[in-house]
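Close look at the chain arrangement
Chain residues, written in single-letter form:
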Amino acid sequence: MNIVLRIKRYNPETDEAARFQDFTIAAEPADRLLDCLMLIKRTMDGTLSFRKSCAHGVCGSDAMTINGVERLACKTLVQDVAEEEGAVVTVEPLRSLPVQRDLMVDYTRFFEAYRVVKPFLFPVAKVEEGENIQAPEVRKKFDDPTKCILCASCQSACPVIVEGKDFLGPAAIVQAARFVFDSRDEGIAPRLDVLGAPNGAEACEGHFECTRVCPRGIKVTKNINLTKRAVKQFKEKDD
Ligand code: SF4
Ligand code: FES
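Here the structure is a predicted model, which is why all the values come from computation and not from measurement.

1. Topic: the sheet that holds strand 4 (residues 69-72)
Through backbone hydrogen bonds, the strands of a sheet pair up, either in parallel or in antiparallel fashion. If you walk across this open sheet you meet the 5 strands as 2-1-5-3-4, and the pairing is mixed. Sheet topology places strand 2 (19-26) and strand 4 at the edges, where each strand pairs with a single neighbour. With strand direction ignored, the average angle separating the axes of adjacent strands in the sheet is 35°. Pairing between strand 1 (residues 2-9) and strand 2: 8 bridges, direction antiparallel. In the sheet register, Ile 3 faces strand 2, and the bridge partner there is Ile 25. Relative to strand 1, helix 1 (residues 33-43) is tilted by about 75°, and along the sheet it contacts strand 1, strand 2, strand 3 (63-66) and strand 5 (88-92). Its contacts with the sheet put helix 2 (residues 78-85) on strand 1, strand 4 and strand 5, and the angle it makes with strand 1 is roughly 95°.

Structure, rendered in structure tokens:
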């Protein structure tokens, strides 16, 4: 099936503004968008820039906007998209993150937000002997956020961030939730300054776009809401 990939191009060294360029590909049913981008780079235009690493939906580095929806290029069968949405498939970088070149974006601020939520364990107490045992049902409480691959799709799709409002972002709160709901961690206390700030969990307006696009199926909005509630309870207890 012949598919036109309409790719947003931008080279900061030569372009005043971004532009679209069309590439026609004879796609096989099993071809993923990533395969097509690599084919273009190898055989049509070696300057096409995009990130990828694992090619299997694990590293999160090839998130991009495909027909206006955030997806991983390595998990998107291009023929399926063309059959369902039309034979011209538009490929753009993630929204809200500064474009470095073509489909590559700058993750600096994204990872700054990740770091400030302190995504590591603050142990509740020293275990004198043996292991700090955790029951499966307690472990289950933070199963969902452990699946995050930091692809930034949720960040790109979040209307609060797209509108330029000050918000830490869904991915950072998902990362915090992974520890906040771990019974071995001190929870909200060491992260209150960040999660309880006006641009923390409270800044989420509940649009659910993050949940809709997450390639790992994480209930992002639910995790944010649970974190909001935990912050509120912690503050009430402290008053
Ligand atoms: S929560 Fe989902 S969409 Fe957001 S960074 Fe993690 S894996 Fe990507
Ligand atoms: S290349 Fe790693 S998730 Fe797609």
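2. Quick look at the side chain of Arg 71
Position of Arg 71 among the secondary structure elements: in strand 4. With residues up to four places along the chain from it excluded, the contact list for Arg 71 reads Asp 62, Ala 63, Met 64, Ile 66, Thr 76, Val 81 and Glu 85.

3. Description of the site of ligand 1
Inspection of the region around ligand 1 gives 13 residues, with Cys 148, Cys 151, Ala 152, Cys 154 and Cys 214 positioned closest. Considered class by class, the residues forming the shell around ligand 1 number 11 nonpolar, 1 polar and 1 charged.

4. Things to note about the packing of helix 7 (residues 170-180) against helix 10 (residues 220-238)
At a minimum axis distance of 9 Å, the contact between helix 7 and helix 10 shows a crossing angle of 65°. Crossing angle aside, the handedness with which helix 7 passes helix 10 is left-handed. Side by side, helix 7 and helix 10 meet where Pro 170, Ile 173, Val 174 and Ala 177 of the first sit next to Val 220, Asn 223, Ile 224 and Thr 227 of the second. Along the lines of polarity and charge, the residues of the contact of helix 7 with helix 10 split into 6 nonpolar, 2 polar and no charged.

5. Side note on the environment of Gln 79
One can find Gln 79 in helix 2. A relative accessible area of 10% places Gln 79 in the buried class. Once the C-alpha coordinates of Gln 79 and Ala 177 are considered, the two residues, 98 residues apart in sequence, prove to be 36 Å apart.

6. Comments concerning the pattern of salt bridges
Under the counting rule described, the total for this entry stands at 18 salt bridges. For Glu 70, the salt bridge is made with Arg 95, and the minimal N-O distance between the two is 2.7 Å. One end of the pair, Glu 70, is in strand 4; the other, Arg 95, is in the loop between strand 5 and strand 6 (99-101), with 25 residues separating them in the sequence. Here Arg 95 falls in the partly exposed class, since its relative accessible area comes to 35%. One salt bridge connects Arg 212 with Glu 209, and the closest N-O pair in it is separated by 2.3 Å. Pair noted here: Arg 212 and Glu 209 are both in helix 9 (residues 209-213), with a separation of 3 residues, about one helical turn. In this structure, a network of salt bridges that share partners links the residues Arg 9, Asp 45 and Asp 102.

7. With respect to the packing of aromatic side chains
Centre-to-centre distance and the angle between the planes together describe a pair of aromatic rings. Counted by the stated rule, this structure contains 5 aromatic pairs. Arranged with centres 6.0 Å apart and planes meeting at 85°, the rings of Phe 111 and Tyr 114 form a pair that is edge-to-face. Here the residue Phe 111 and the residue Tyr 114 both occupy positions in helix 3 (residues 108-116), the gap between them amounting to 3 residues, near one helical turn. For Phe 111, a relative accessible area of 27% corresponds to the partly exposed category.

Calculation rules
- Residues numbered from 1 in each chain as written.
- Chains lettered and ligands numbered in written order.
- Predicted model: local features only at pLDDT ≥ 70, side-chain atom pairs only at ≥ 80, totals over all residues.
- Heavy atoms only, no water.
- Pairing = 2+ DSSP bridges.
- Helix = DSSP H or I, 4+ residues; strand = E, 2+ residues; numbered from the N terminus.
- Axes fitted to C-alpha atoms, helices over the stretch in contact; angles between N-to-C directions.
- Contact = heavy atoms within 4.5 Å.
- Near = heavy atom within 4 Å.
- Nonpolar A, V, L, I, M, F, W, Y, C, P; charged D, E, K, R; others polar.
- Left-handed = near helix turned anticlockwise from the far one by under 90°.
- Buried < 20%, exposed > 50% of the residue type's maximum accessible area, 1.4 Å probe, protein only.
- Salt bridge = Lys/Arg side-chain N within 4 Å of Asp/Glu carboxyl O.
- Phe/Tyr/Trp six-rings, centres within 6.5 Å; stacked < 30°, edge-to-face > 60°.

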